[in-house]
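# Chains, contacts and geometry: an overview
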Amino acid sequence: MDFLRPASWEEALAAKAAHPTAVPIAGGTDVMVEINFDHRRPEYLLDLNRIGELGDWEVGEESVRLGASVPYSAIMDNLRGELPGLALASHTVASPQIRNRGGVGGNLGTASPAGDAHPALLAAGAEVEAESVRGSRLIPIDAFYTGVKRNALAPDELIRAVHIKKADGPQQYSKVGTRNAMVIAVCAFGLALHPDTRTVRTGIGSAAPTPVRAKAAEEFLNAALEEGGFWDNGKIITPSVAKQFAELCSGACNPIDDVRGTASYRRHAVGIMARRTLTWTWESYRGTAAATEGVA
C-alpha cells in the first residue's frame with residue numbers, strides 16, 4: 001500500500017487523476033476500521049490532512065459552504081443556528097474523539113446507508129461540491145447516493161465541500177441505536193420545515209440500500225398543511241395527519257434484517273421517529289410564529 005501525501009488541493013487532484021483507485025483519507029474514522037479488519041486493502045491511500053482549506057467553512061446569505069474535513073465537533077459548536085439538523089446529527093456520532101476527527105465529507109465518500117449525516121443533508125437540501133483536474137460541479141444530494149456504499153463521484157473526483165441551505169425553519173433529527181453512544185444507527189430520521197417555500201423535507205438513514213427521502217410522505221404533508229391553512233393559522237397538526245405522515249414514512253423504507261435490527265422493527269421505528277420529529281418541529285414553528293405575531 002502506497003501513501004500519497006499532497007501539500008495542496010491542486011496536488012491532491014493531480015494525484016487522484018494519476019491514481020483513480022486511491023482512497024482519500026482525512027479523519028480516517030471509516031477507512032482505518034476497514035483496513036484494520038482487512039475488509040479493504042487499497043493500492044493507494046490519499047492523505048488530505050495537509051490541505052487546510054478542507055477544514056474551513058463559510059456562512060453566506062442563503063447557504064453554508066462546509067469544507068469536506070470540517071469535524072462534527074466544529075459543526076456542533078459553530079453552526080447550530082445555521083444547520084440545526086446537521087448539528088443534532090453530529091451529536092449522535094460515536095464519541096468525542098471521533099467527532100473531533102470525522103467529518104461530513106467522509107460520510108459522503110463512504111456513502112454507507114447508516115451514515116449519521118445523510119438524513120440531515122437530505123432534509124436540508126444539500127449539494128456536494130466535487131472536483132477533479134477536469135473541473136468542478138455541484139451534485140444535488142438526491143442524486144448523490146447511487147447504491148449500497150456507492151456514490152455519484154467519478155473515479156478522478158474528490159469532495160471539496162458541501163453546500164447546505166441555511167435553516168429557514170425548525171429542523172430535527174432522531175436516531176435509534178442498540179445503546180446511547182458509540183453505536184451504528186439501527187435507523188435514523190431527519191426532518192426540516194421550510195416555511196419560505198411552505199414545504200417539508202425528510203431524510204431516512206439505515207432503512208434502505210441508500211439514504212432516502214420519504215417523498216410520498218412529504219407530498220401528503222405539504223398538501224395537508226396548505227389545504228388546512230396550517231402555515232398561516234399555526235394550529236396544531238391533527239393526529240390523523242401525523243399518523244398518515246408516519247405511515248407513509250414507514251412505507252418509504254426498504255430495510256433488511258441484520259444483527260442490529262429486523263426490517264419490520266426498522267419500518268416501525270421510522271414511523272415513530274417521523275411522528276415525533278413532526279410534532280417537535282411543528283411546535284417549534286408555532287412558538288416562533290406566535291412570538292413574531294406578539295412582537296408585531
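Residue numbers here run from 1 along each chain, matching the order of that chain's written sequence. Since the coordinates come from a predicted model, pLDDT governs what is reported: local features require at least 70, and pairs of side-chain atoms require 80 or more to be given and counted, while whole-chain, interface and lining totals use all residues. For the side-chain quantities, the full set of heavy atoms in the structure was used; hydrogens and water were omitted.

Going by an unreviewed UniProt entry, the chain carries the name Xanthine dehydrogenase family protein subunit M and comes from Streptomyces tauricus.

### Concerning the overall build of the chain
Per the convention used, a helix needs a DSSP run of H or I reaching at least four residues, while a strand needs a run of E reaching at least two, with both numbered from the N terminus. A tally of helices and strands in the chain yields 11 helices and 13 strands. We compute the radius of gyration over the C-alpha atoms and compare it with the globule rule, which gives 2.2 Å times the number of residues raised to the power 0.38. Rg of the C-alpha trace for the chain: 20 Å, near the compact-globule value of 19 Å for 296 residues, within the 12% margin. Taken along its principal axes, the extent of the C-alpha atoms in the chain is 60 × 45 × 35 Å. With a 1.4 Å probe rolled over the protein chains alone, any residue whose accessible area is under 20% of its type maximum counts as buried; one over 50% counts as exposed, and the rest are partly exposed. For the chain, the proportion of its 296 residues judged to be buried stands at 52%. Working rule for contacts: check all heavy atoms of both residues, and any pair within 4.5 Å makes them a contact. Contacts in the chain between residues far apart in sequence, at least 24 positions, make up 63% of those at least 6 positions apart. Carbon and sulfur atoms provide 51% of the accessible area of the chain, an area that totals close to 13,700 Å². All accessible-area figures derive from a Shrake-Rupley calculation using a 1.4 Å probe, and residue coverage is judged against the displayed protein chains alone.

### Structural notes on the side chain of Thr 281
Note on placement: Thr 281 falls in helix H11 (residues 263-295). Under the relative-accessibility criterion, Thr 281 is labelled buried at 1%. A polar atom in the side chain of Thr 281 sits 3.1 Å from the backbone oxygen of Leu 278. Once residues within four sequence positions are removed from consideration, Thr 281 is found in contact with Pro 170, Gln 171, Gln 172, Leu 191 and Leu 193. Here a polar contact is recorded for every N or O atom pair within 3.5 Å, except that within protein the pair must consist of a potential hydrogen donor and a potential acceptor, and residues adjacent in sequence are included only if both atoms are side-chain atoms.

### Some words on empty space enclosed by the protein
A cavity here means a set of points on a 1 Å grid, drawn over the protein atoms and nothing else, where a 1.4 Å probe fits but cannot get out; a pocket is an open set with protein on both sides within 12 Å along at least five of seven lines, and a residue lines either one if it has an atom within 4 Å of a point. Grid points are joined across faces, edges and corners, and a volume is the space filled by probe spheres set on the points. Summed over the entire model, instances satisfying the criterion amount to 2 cavities of 30 Å³ or more. Size it by volume and the largest cavity reaches roughly 40 Å³. For the largest cavity, the full set of lining residues is Leu 83, Leu 86, Ala 120, Leu 121, Ala 124, Ile 164 and Gln 171. Its residues assigned to classes, the lining of the largest cavity comprises 6 nonpolar, 1 polar and no charged. Computed from the structure, the second largest cavity encloses a volume of approximately 30 Å³. What lines the second largest cavity is Gly 85, Ala 120, Ala 123, Gln 171, Gln 172, Gly 190, Leu 191 and Ala 192. Listed by contribution, the elements that provide at least two residues to the lining of the second largest cavity are helix H7 (118-124), strand E11 (171-176) and strand E12 (187-194). The element best represented in the lining of the second largest cavity is E12, accounting for 3 residues. Ten residues, namely Ala, Val, Leu, Ile, Met, Phe, Trp, Tyr, Cys and Pro, are considered nonpolar, four, namely Asp, Glu, Lys and Arg, are considered charged, and the remaining ones, Gly among them, are considered polar.

### A look at the packing of aromatic side chains
Only Phe, Tyr and Trp rings are paired, with Trp represented by its six-membered ring, and only when their centres lie within 6.5 Å; those with planes under 30 degrees apart are stacked, over 60 edge-to-face, the remainder tilted. Throughout the structure, instances matching the rule amount to 5 aromatic pairs. Measuring from ring centre to ring centre gives 5.6 Å for Phe 144 and Tyr 145, while their planes differ by 85°; the resulting arrangement is edge-to-face. One exposure class covers both Phe 144 and Tyr 145, and it is buried. Pairing Trp 282 with Tyr 285 gives two aromatic rings, centres 4.8 Å apart and planes at 40°, and the pair type is tilted. One end of the pair is Trp 282 and the other is Tyr 285, both in helix H11 and 3 residues apart, which spans about a single turn.

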